[in-house]
Amino acid sequence: MSGNRSNPAARKPATGSGTASKKAAGRPAKAAGTSPGTGSGRGSGRGSGRGTAGGRDAAPRTPWMRVRAFLKWLLVAGLVSTLILTAIGYFAYRNTAIPDANKAFEAQSTFVYYSGGKSKVGRFAEQNRESIPLADIPKSMQDAVIAAEDRTFYSNSGIDPKGIVRAAFSNAKGNSTQGASTITQQYVKILYLSQERTLSRKVKEAFLSLKVQQEKSKQAILEGYLNTIYFGRGAYGVQAAANAYFDKPAKDLTVPESAMLAAVLNSPSYLSPDRGASGRDALIQRYDYVLRGMVSMGKLDAAEADKYTGKLPRLGKPATSNMYGGQRGFMLTMVKKELQRIGFDEAQIDSGGLRVETTFTKKAMKAAEDGVLAERPQGLKKLHVATASVDVTTGALLGFYAGQDYLESQLNWAELGASPGSAFKPFALAAGLKAGFSLKDTFDGNSPYQFAGGAEVVNEGPGTGNDYGSAISLTTATEQSVNTAYSDLTESLPNGPEDILKMAVALGVPRKTPGLEPNNAIALGSATISPIVMANAYATIANGGLHHDWFTVKKVTRASDGKVLWRAPRKTERVLSEDIAADVSYAMQQVVRNGTGRNALALNRPAAGKTGTATNADGDVSSSWFVGYTPQVATAVMYVRGKGNEALNGYLSSYFGANYPTYTWRAVMGAVLDGTPSESFPPPAYVDGQAPADGHAPYTPPPPPAPAPTKKNNNNKPRQTQAPQAPATTAPATPKPTPDNPPPAKPSNGNGGGGGGTACAPTDPNCTP
């Protein structure tokens, strides 16, 4: 029987508890040899990891107990971290000394240099500043600035913790331009720190702001801020700003004038009233915001604010400094626009202590100005001659001429442009070759040419235009600038004008160019394109089909430590095969050798180019061009009148692209390339793919007739017969000049009269006076 009875010791609980003993007595017996701490069943999980020596089995840890323990640990760690950070912050604060203000503050001016970084072009701002006491600054101006920039100015501690946190998160995401500061922080940044926007500078700014807040009164901080902040128009401080915008001292500012100046502070460039309609619209929105803020602060009556809302006060015209005279103002304006596009803000550009190296060379800038002044006709008011020269291998803008002195007009015609006319045809030629045609394929050169929809295109000449033959090669069509042949080419492309548009964009013409649409006349160049863009697009062809975006800024460094902040990237994109580029260049070389661009031959080095004239809605010639290149430099020259679309015929003694524009191009290029070796173009590849349309096979002359049989004379000697005459063919005769093909005689400097006639050389058989 004992073998059927459990061992009492085995059933005795390890705890020795009486209660437990009673409970155990009612349980089934456990198998011999099973330990309470390790056995299977209800107790198996509890004893694991716990000793039984103490004679007591500990209660299990529930999930909530674990969470509570973690929270306690987290709280302790947080308190310790807070104490450590507080200690570090206090130590940093105690050891932060307010430095000397940036010496003269003028030392923070940004300077712009020619290529090479040694010769100065100029600077963006003259540091126009005059400090005045707070008592001379109207209360409306003080209130407006506080309403615009920091409505808690008089109650805050000088820093914006939320702004610092935002800057931290912004930097963590890789964006180092997070701003949003109190007036005190802005003042500290201007007076004591650099203009860079980084987290470390933001932290330093916060400590200095706290220090300044402790050591200066709010009135002193506001006075310093209003005397140093940038308002645009080159004005630093409210006194300079009042004079720059309203031609009056600060003490005479009205409420709306104060509100407008306070509104500009947020972004002097974007909110500039001088930035056209969009700039004024943006400024009005900010101006209304400031007025509402003054009302909410109790500083302006709502009824009075309503009288000013939505309408800016009367502004004075911006003064033009002599430092912008000549082409310098255009250079600085172009560089400033590019710096803004890169990501530098107004404050950094004007007073961030930058050193900007540009692509401009003194040689190319002088060549452009001297070439224009030497070749343009004298005495013609409202004549605008613009040029642009681009480095073929990099896209760097070497030099340009904007059309006039910056102090006379700020319109840069090298950027504005006009319709290039037939100078656009090389883009159509490139599209044709890419589609499968060859230089030898033929197209309809007779005039007029009728499109499938019924519209007509004519060549230059009397009546319905000159005929060049029903089958002329693309080389001849380019050489003689035949409109009808290029219209035939346009219709023969797989996607018609869309192929030409895509090619123009690939070569460097922006897709958003005004008038650049896929219509049947696209090859005739009605879009408005600038000389800079045309020169760069031609440079892509000259560079063997490798495209670079044109640019003006090579490098930006910080003057204080020489750190390079930005360097122009070398982005290269192949948009055309080398063989096609070589063939397009070959066709344009024939333009210079035998066609409408013969006056460029006097450059005395290999050159390729294309003339162009465009007409306006009245049928008058409105622009005249020559765009050409050597293997090193591409240059575009444009002649326009008035607003850019007015008649040149009856105004210039010759409006053809082969005259004034080509002579100007030759003068500019001769000076730009002076001292450089003469380089040759690659030979033509004569690419010949699968033509996308039938009926354009190269012209093949018929074989000559067989010679007549010889007859013997009485002396048995062969009789000589008359030599056979060359057979007549249907090949086109030498064409007369097109609108872009006047004689090579140089025009005299006209005075606007003469009805648009062309001077002819006495020995030129192809010229009709």
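Remember, predicted model here, so these are calculated numbers, not experimental data. (Residues numbered from 1 in each chain as written. Predicted model: local features only at pLDDT ≥ 70, side-chain atom pairs only at ≥ 80, totals over all residues. Heavy atoms only, no water.)

Visitor: Sorry if this is basic, but what is going on with the overall build of the chain here?
Guide: If you tally the helices and strands in the chain, you get 23 helices and 19 strands. The buried share among the 769 residues of the chain stands at 49%. Relative to all contacts within the chain whose residues are 6 or more apart in sequence, the contacts with residues 24 or more apart total 71%. Within the structure as shown, the chain displays about 37,200 Å² of accessible surface, and the carbon and sulfur contribution to it stands at 52%. (Helix = DSSP H or I, 4+ residues; strand = E, 2+ residues; numbered from the N terminus. Buried < 20%, exposed > 50% of the residue type's maximum accessible area, 1.4 Å probe, protein only. Contact = heavy atoms within 4.5 Å. Areas by Shrake-Rupley, 256 points an atom, 1.4 Å probe, with all protein chains shown as cover.)

Visitor: Can you walk me through empty space enclosed by the protein in this structure?
Guide: Empty space among the atoms becomes visible once a probe the size of a water molecule is rolled across them. Taken as a whole, this structure holds 3 cavities of 30 Å³ or more when the rule is applied. In this structure, the second largest cavity encloses a volume near 40 Å³. Along its surface, the second largest cavity is lined by Phe424, Gly515, Leu516, Glu517, Asn519, Ile522, Gly525, Ser526 and Ala527. Tallied by class, residues from the lining of the second largest cavity come to 4 nonpolar, 4 polar and 1 charged. (1 Å grid on protein atoms, 1.4 Å probe; cavity = no way out; pocket = protein on both sides within 12 Å on 5 of 7 lines; lining within 4 Å. Points joined across faces, edges and corners; volume = space filled by probe spheres on them. Nonpolar A, V, L, I, M, F, W, Y, C, P; charged D, E, K, R; others polar.)

Visitor: When you look at the pattern of salt bridges in this model, what are you seeing that I'm missing?
Guide: Note that side chains of opposite charge can pair when their charged atoms are close. Within the structure shown, the criterion is met by 12 salt bridges. With a shortest N-O distance of 3.1 Å, Lys248 and Glu257 are connected by a salt bridge. Side by side, Lys248 and Glu257 carry an identical accessibility label, which is buried. A salt bridge links Glu357 to Lys554; the shortest N-O distance between them is 3.6 Å. Residue Glu357 is found in strand 6 (residues 354–358), and its partner Lys554 is found in strand 14 (residues 553–558); the two are separated by 197 residues along the sequence. A relative accessible area of 31% means that Lys554 is categorised as partly exposed. Each of the salt bridges in this network shares a partner with another, and the network as a whole consists of Lys336, Glu346 and Asp350. (Salt bridge = Lys/Arg side-chain N within 4 Å of Asp/Glu carboxyl O.)

Visitor: Can you walk me through helix 22 (residues 578–594) in this structure?
Guide: Residues spaced three or four apart along an α-helix face the same direction, because each turn holds 3.6 residues. Spanning 17 residues, helix 22 covers 24 Å between terminal C-alpha atoms, matching the ideal 24 Å at 1.5 Å per step. Burial analysis of helix 22 places 13 of its 17 residues in the buried class, the great majority of the element. (Expected span 1.5 Å × (residues − 1).)

Visitor: What is the right way to look at the environment of Tyr270 in this model?
Guide: Residue placement: Tyr270 occurs in the loop between helix 10 (255–264) and helix 11 (276–296). Note on Tyr270: relative accessible area 49%, which makes it partly exposed. For the pair formed by Tyr270 and Glu346, sequence separation is 76 residues and the distance between their alpha carbons is 8.8 Å.

Visitor: Help me out: how do you make sense of the sheet that holds strand 18 (residues 621–629) in this one?
Guide: Note on sheets: strands pair through backbone hydrogen bonds, and any given pair is parallel or antiparallel. Spatially, the 5 strands line up as an open sheet ordered 8-7-19-18-17, and their pairing is antiparallel. In this open sheet, the two strands that pair with only one neighbour each are strand 8 (397–401) and strand 17 (608–615). Pairs of neighbouring strands in the sheet enclose a mean axial angle of 10°, with direction left out of account. Bridging between strand 7 (residues 383–391) and strand 8 involves 4 bridges; their strand directions are antiparallel. Across the sheet, residue Ser389 finds its bridge partner in strand 8, namely Gly399. (Pairing = 2+ DSSP bridges. Axes fitted to C-alpha atoms, helices over the stretch in contact; angles between N-to-C directions.)

Visitor: Which parts of the structure should I look at to understand the nonpolar core?
Guide: Generally speaking, a soluble globular protein has its nonpolar side chains buried in company with each other. Ranked by internal contacts, the top residues of the largest apolar core, which has 89 residues, are Leu339, Phe400, Phe427, Met534 and Tyr629. In terms of residues, this core owes the most to one element, helix 21 (residues 531–542), which gives 9 residues. Setting aside its immediate chain neighbours within four residues, Tyr629 contacts Tyr538, Ile541, Ala542, Ser585, Met588, Pro606, Ala607, Ala608, Ala634, Trp665, Met669 and Phe681. (Core = buried A, V, L, I, M, F, W, Y, C linked by side-chain atoms within 4.5 Å.)

Visitor: What is the right way to read the packing of aromatic side chains from this model?
Guide: For any two aromatic rings, the description comes down to two numbers: the centre-to-centre distance and the angle of the planes. The full count for this structure, using the stated rule, is 16 aromatic pairs. Where Tyr230 meets Tyr236, the ring centres are 4.7 Å apart and the plane angle is 40°; that geometry is what we call tilted. Ring centres of Phe360 and Phe400 lie 5.6 Å apart, and the angle between their planes is 55°; this geometry places the pair in the tilted category. Here Phe360 is found in the loop between strand 6 and helix 15 (362–375), whereas its partner Phe400 is found in strand 8, with 40 residues between them in sequence. The exposure class assigned to Phe360 is buried, which follows from its relative accessible area of 0%. Ring-pair connections join several aromatic residues into one group, and the members of that group are Phe424, Phe427, Tyr538, Tyr629 and Phe681. Across the ring face of Tyr686, the terminal group of Lys440 is positioned such that the distance to the ring centre comes to 4.8 Å. We note Arg641 situated over the ring of Tyr651; from NZ or CZ to the ring centre the distance is 4.0 Å. (Phe/Tyr/Trp six-rings, centres within 6.5 Å; stacked < 30°, edge-to-face > 60°. Lys NZ or Arg CZ within 6 Å of the ring centre and 35° of its normal.)

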